[in-house]
Amino acid sequence: MAGKWMGSLSEAMRGLSLAAQTCRTVPVRTAPLISRRSMATESPISKPLSNITRSVTEEWQPITSVPVTIHSFPSLEPRALESYSAKHLYLPLRRDILHLAVVFEGDNTRQGTAQAKTRWEVAGSHRKVRPQKGSGNARVGSKQSPIRRGGGKSHGPRNRDFGTKLNRKVYDLAWRTALSYRYRRGELIVTEDGLDLPLPEDFLQQAQDGLLTRELEDAFIQKYVGEMLGAMQWGKADGRTTFITGEERTNLFTSLDVAGEEGTALELEDVDVKDLLETGRIVIERSALKEMIKQHRSDLVTSIAMPNKVMKEKTLASPLYPFPHEVSEA
Amino acid sequence: MRHLPRLRGAVSASLCCSSPSHIRTTAAVAAVATTSSSTTAQSLQRRTLSTSVTDVGAVEVQTPPQGLKPPSQKWQVAVRPDQITDPAYVPAQDGLELEEDGGLDGWWENPANYGVGKEWVGFGPAEKVTDPAILEVATYRALVEALLLSQNWSDPVAREAVLSSGWGPMVLTTTAAKTKFHNRPKSTLLCVDREEMVAALQKHALPATERETQLESEEQVETAFAAEQEVEVNGEAETAVTTEQQAGVTEEAEAALAAEKTAEVKEEDDLTEGVIPAEQAQALVKELGHEWKQANLRNPVLKFFAAKRIQKLTGHKIPDGKLVAITTAGSLVKELVKPPKAKKLAEEIENKEIFQSLPNVKVFPRRVTPIDKEKMVGRWKVIREELERRGLPVIGTANIDNAIEKKWVTGAK
């Protein structure tokens, strides 16, 4: 506050002095604001914000649903539009929760099978190596002693479970937070069901006829997939792409197995939160997305059956286009 | 280490693009390459090991439909070393001495083998339009068309046809689509004479042969503007203007249009390439003014239509997450015109010209290496010449290892 006072005071004084010297020819260069600051901590005066307050009369209308465009693949033509709850795909980013989930997954993925033998597990006789006294050397109990070569390991790794726990609701929130993060950034591309990679007919025919060796097949796929994803700006140069399908699709999965530097393909059951955060974008088929959200909404729906209440399953995605009345007519 | 089964066969593959819509099916009969690598006489002079591909009397492989050419299936087994009669033959003593002949490395890099027409074709032009004026015109046009399609167009087939059509003649953006903005708090996009707009859309959708005659009557269309009707964009509130009045007008034409349109879609694909010239777009931008940019955009379906049209016209894909935040026509234009984010900090600095005023600051796109520093003072050429003269490696250490004494001193293993 003191700084502001001083600033305005000095400004006023300067104005006065300028006004007093009317015949002055050389204009005084006012120092930039930053050098006029007082020593006191003061936030720089930025340009005035537009009115950030909301009128009392204006009703607060938070976003409750967000649209999801369903694309065809691989032409990426927008085909349909669905509406999802903002609690599914428009959650605020919570890095802490994502971190918890990724660490939880990492812990539970650890194999924990490393094991070194202790002195009691190393094979061999436990006879005293040499007499306690008189040899001139150090006393030795048994040859399995940890200080001896070939002996046991005193504090070596043992089989153990590294798994940690995370509340189900927190983990599910992390899933939807990860999806929301992708959605906001425009990195969640939803395709029609049956997402697969169409390979050229003549190539498949020749591969089936045995005209191509394994190396030639792989080289073709690498070139074809690389060019296709490159043209889509989805390839290696753009951070790779994760394709998620309900079940394994042979062409897609084999192709991305071969051309792994361009992207990766995962079945729904193999997907983790970490997978959702890794590559440049997520391409997921419509039903897989629905199933994914359905499996991870324990914090939104109750699993407890109430005796006098009929549990109503709310639809996850309500179609907006093609217009529902047109579809029902057809 | 392959855990997955091999690719599905062509016959059983349900999705192996039996009708490859994403692939340009131009007549693609690639020229059969003459891959005569070497004659037998040449190959005998310097014998290579094992199976070198020769095409002595090779059966001509049938040219596959799209020009994909598999290698010849004719293999010749090399002559055993003890049966070679050529006195010039010197057996290799070392694997490094062996010559490589033929082989299938880079087989598909040859366009004659790979064929043509395998490039990906997306929805919209391959190259994104970056000219701001064209983008603005495209946005305006997309919004007008989207508004009409979302409210007036009852035939799904015709709607899809319009959504997937290219630029076509500039009917909508030139004269017919005159709009006016109403400065009221919670509304509104456009005041459009709907009948005129529908007529314009239909005219736009007419086959190319009929277009020219139609275009002549544009001036009449322009003068015919009279009734301005308000269109509420906010989705939840349908305005008093019902579609019933237009239904009679539009549906007759739509029925006829649907048939024409479906036949015309293929033709339209060629037209997508033809984006309007920038000068024309700039003139249109001036004509359109800026008032329309303040219009509210809330209806998700309308935005979906607009985004689809924009993708078709300009190649810009607007993701849903961005569309949620776009609430006015102006912000839509802004989103399109905004240049893509630079991938590297150095590019960002260069684009924004941040340190231009500071004479002692230079920004490099990569690490400044010792070689770069030598180059800056003009010493590198001399150093390189001297190194070459002494037979020393110019870059790196070649096979010369560190001094062995270093290992003794540090005790490193």
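Residues numbered from 1 in each chain as written. Chains lettered and ligands numbered in written order. Predicted model: local features only at pLDDT ≥ 70, side-chain atom pairs only at ≥ 80, totals over all residues. Heavy atoms only, no water.

As named in an unreviewed UniProt entry, chain B is Large ribosomal subunit protein mL50, taken from Triangularia verruculosa. Here is the UniProt Sequence similarities (unreviewed entry) comment for chain B, exactly as written: "Belongs to the mitochondrion-specific ribosomal protein mL50 family." (UniProt positions renumbered as here; feature names shortened; annotations may be inferred.)

Going by an unreviewed UniProt entry, chain A carries the name Large ribosomal subunit protein uL4m and comes from Triangularia verruculosa. Entered under Sequence similarities (unreviewed entry) in the UniProt record, the comment concerning chain A runs "Belongs to the universal ribosomal protein uL4 family."

**A few points about the overall build of chain A**
Helix and strand counts for chain A stand at 10 helices and seven strands. Each of the 330 residues in chain A was classed as buried or not, and the buried ones make up 39%. The long-range fraction of contacts in chain A, counting pairs at least 24 apart against all pairs at least 6 apart in sequence, stands at 68%. Total accessible area on chain A stands at roughly 20,400 Å², and carbon and sulfur atoms take up 54% of it. (Helix = DSSP H or I, 4+ residues; strand = E, 2+ residues; numbered from the N terminus. Buried < 20%, exposed > 50% of the residue type's maximum accessible area, 1.4 Å probe, protein only. Contact = heavy atoms within 4.5 Å. Areas by Shrake-Rupley, 256 points an atom, 1.4 Å probe, with all protein chains shown as cover.)

**Observations regarding the pattern of salt bridges**
Tallied over the entire structure, the rule returns 28 salt bridges over all chains. Of the charged contacts, one joins Glu160 of chain B and Lys308 of chain B as a salt bridge, the two residues approaching to 3.1 Å between their closest N and O atoms. One end of the pair, Glu160 of chain B, is in helix 4 (residues 156-163); the other, Lys308 of chain B, is in helix 11 (residues 300-314), and 148 residues separate them in sequence. The salt bridge involving Asp372 of chain B is made with Arg366 of chain B; its shortest N-O contact spans 2.9 Å. For Arg366 of chain B, a relative accessible area of 54% translates into the label exposed. Salt bridges sharing common partners tie together Glu77, Arg79 and Glu192 of chain A together with Glu160 and Lys308 of chain B. (Salt bridge = Lys/Arg side-chain N within 4 Å of Asp/Glu carboxyl O.)

**Section: the packing of helix 4 of chain B against helix 11 of chain B**
All names here are of chain B. With their axes 9 Å apart at the nearest point, helix 4 and helix 11 run at an angle of 45 degrees to one another. Viewed along their axes, helix 4 and helix 11 adopt a mutual orientation that is oblique. Of the residues in helix 11, those in contact with Arg159, Glu160, Val162 and Leu163 of helix 4 are Phe305, Lys308, Arg309 and Lys312. (Axes fitted to C-alpha atoms, helices over the stretch in contact; angles between N-to-C directions. Parallel < 35°, antiparallel > 145°, perpendicular 65-115°, else oblique.)

**Details of helix 6 (residues 214-232) of chain A**
Its 19 residues give helix 6 of chain A an end-to-end C-alpha distance of 27 Å, which sits within 8% of 27 Å, the value for a rise of 1.5 Å per residue. Of the residues making up helix 6 of chain A, those classed as buried are Leu216, Glu217, Asp218, Phe220, Ile221, Lys223, Tyr224, Val225, Gly226, Met228, Leu229 and Met232 of chain A. Check the buried side of helix 6 of chain A and you find it contacts helix 5 (201-208), strand 4 (241-245) and helix 7 (250-258) of chain A together with helix 2 (111-114) of chain B. (Expected span 1.5 Å × (residues − 1).)

**Here's the deal with the interface of chain A and chain B**
By a frequent convention, interface size equals the accessible area lost on bringing the separate parts together. Taken together, the contact between chain A and chain B spans 61 residues of the former and 56 residues of the latter. Taken together, both faces of the contact between chain A and chain B bury some 5,100 Å²; the carbon and sulfur share is 61%. Counting every contact that joins chain A to chain B gives four salt bridges. Where Glu77 of chain A meets Lys308 of chain B, a salt bridge forms, and the shortest distance between an N and an O atom there is 3.1 Å. One can count 12 residue pairs in polar contact (both at pLDDT 80 or more) joining chain A with chain B. Elements that contribute at least two residues to the side of chain A that touches chain B include exactly strand 1 (65-71), strand 2 (78-85), helix 4 (168-184), helix 5, helix 6, helix 7 and strand 7 (317-321) of chain A. Taken together, the residues of the side of chain A that touches chain B sort by class into 32 nonpolar, 13 polar and 16 charged. (Buried area = accessible area lost by both parts, 1.4 Å probe. Polar contact = N/O pair within 3.5 Å; in protein donor to acceptor, adjacent residues only side chain to side chain. Nonpolar A, V, L, I, M, F, W, Y, C, P; charged D, E, K, R; others polar.)

**Brief notes about the packing of helix 3 (residues 95-109) of chain A against helix 4 of chain A**
Residue and element names in this part refer to chain A. Running from N to C, helix 3 and helix 4 cross one another at 110 degrees; their axes reach a closest spacing of 9 Å. With respect to helix 4, the element helix 3 is oriented roughly perpendicular. The element helix 3 and its partner helix 4 pack so that their crossing is left-handed. The residues of helix 4 that touch helix 3, namely those facing Ile97, Leu98, Leu100, Ala101, Phe104 and Glu105, are Val170, Tyr171, Leu173, Ala174, Thr177 and Ala178. Classifying every residue of the contact of helix 3 with helix 4 gives 10 nonpolar, one polar and one charged. (Left-handed = near helix turned anticlockwise from the far one by under 90°.)

**Section: the environment of Ala146 of chain B**
Residues and elements named next belong to chain B. Relative to the assigned elements, Ala146 resides in helix 3 (residues 132-151). Taking relative accessible area as the criterion, Ala146 reaches 0% and is therefore assigned buried. With 13 residues separating them along the chain, Ala146 and Arg159 place their C-alpha atoms 9.7 Å apart. Beyond its immediate chain neighbours, meaning those up to four positions away, Ala146 contacts Leu302, Phe305 and Ala306.

**With respect to the environment of Gly124 of chain B**
All names here are of chain B. Topologically, Gly124 is positioned in the loop between helix 2 and helix 3. Classification of Gly124 as buried rests on a relative accessible area of 15%. Counting along the chain gives 188 residues from Gly124 to Lys312, while the straight-line C-alpha distance between them is 3.9 Å. Residues contacting Gly124, with those up to four places away along its chain left out, are Gln311 and Lys312.

**Points about the pairing of strand 2 of chain A**
All names here are of chain A. Most of strand 2 is tucked away: six of the eight residues are buried. Bridge analysis of strand 1 against strand 2 gives seven bridges, and the strand direction is antiparallel. Along strand 2, the bridge assignment pairs Ser65 with Ser85. Between strand 1 and strand 2, which pair antiparallel and follow one another directly, the connecting turn spans six residues, one of which, Leu76, has a positive phi of 60 degrees. Relative to strand 7, strand 2 is paired through four bridges, and the arrangement is antiparallel. Each residue of the ladder has a partner; that of Tyr84, found in strand 7, is Ala317. (Pairing = 2+ DSSP bridges.)

**Describing the side chain of Asp275 of chain A**
All names here are of chain A. Summarising the element assignment, Asp275 is placed in helix 8 (residues 273-278). For the buried residue Asp275, which engages in no salt bridge, the nearest side chain bearing the opposite charge is Lys274, 7.4 Å off. Apart from residues lying up to four places away in sequence, Asp275 is in contact with Thr242, Leu266, Asp270 and Ile282. (Lys, Arg positive; Asp, Glu negative; His and termini not counted.)

**Considering the sheet that holds strand 6 (residues 281-285) of chain A**
All names here are of chain A. On the basis of which strands lie adjacent, the open sheet formed by seven strands has the order 5-4-6-3-1-2-7 and mixed pairing. In this open sheet, the two strands that pair with only one neighbour each are strand 5 (263-267) and strand 7. Going across the sheet, the axis of each strand differs from the next one's by a mean of 30 degrees, ignoring polarity.

**Brief notes about helix 5 of chain A**
Residues and elements named next belong to chain A. Those residues of helix 5 not exposed but buried are Asp202, Phe203, Leu204, Gln206 and Ala207. Taken together, the buried residues of helix 5 touch helix 6 and helix 7. A positive backbone phi angle near 75 degrees is found at Gly210, which sits one or two residues after helix 5.

**A few points about unusual backbone geometry**
All names here are of chain A. A cis amide bond links Phe73 with the next residue in sequence, Pro74, at an omega value of 10 degrees. The residue Pro74 is located in the loop between strand 1 and strand 2 in this model. Geometrically, the link from Tyr321 to Pro322 is a cis peptide bond, its omega value of 0 degrees lying close to zero. One non-glycine residue, Leu76, adopts positive backbone phi at about 60 degrees. Looking at the secondary structure, you find Leu76 in the loop between strand 1 and strand 2. With a relative accessible area of 2%, Leu76 lands in the buried category.

**A look at the side chain of Thr314 of chain B**
All names here are of chain B. Relative to the helices and strands, Thr314 is located in helix 11. Given the relative accessible area of 0%, Thr314 is considered buried. Engagement of the side chain of Thr314 in a polar contact is seen with the backbone oxygen of Ile310, the distance being 2.7 Å. A polar atom in the side chain of Thr314 sits 3.3 Å from the backbone nitrogen of His316.

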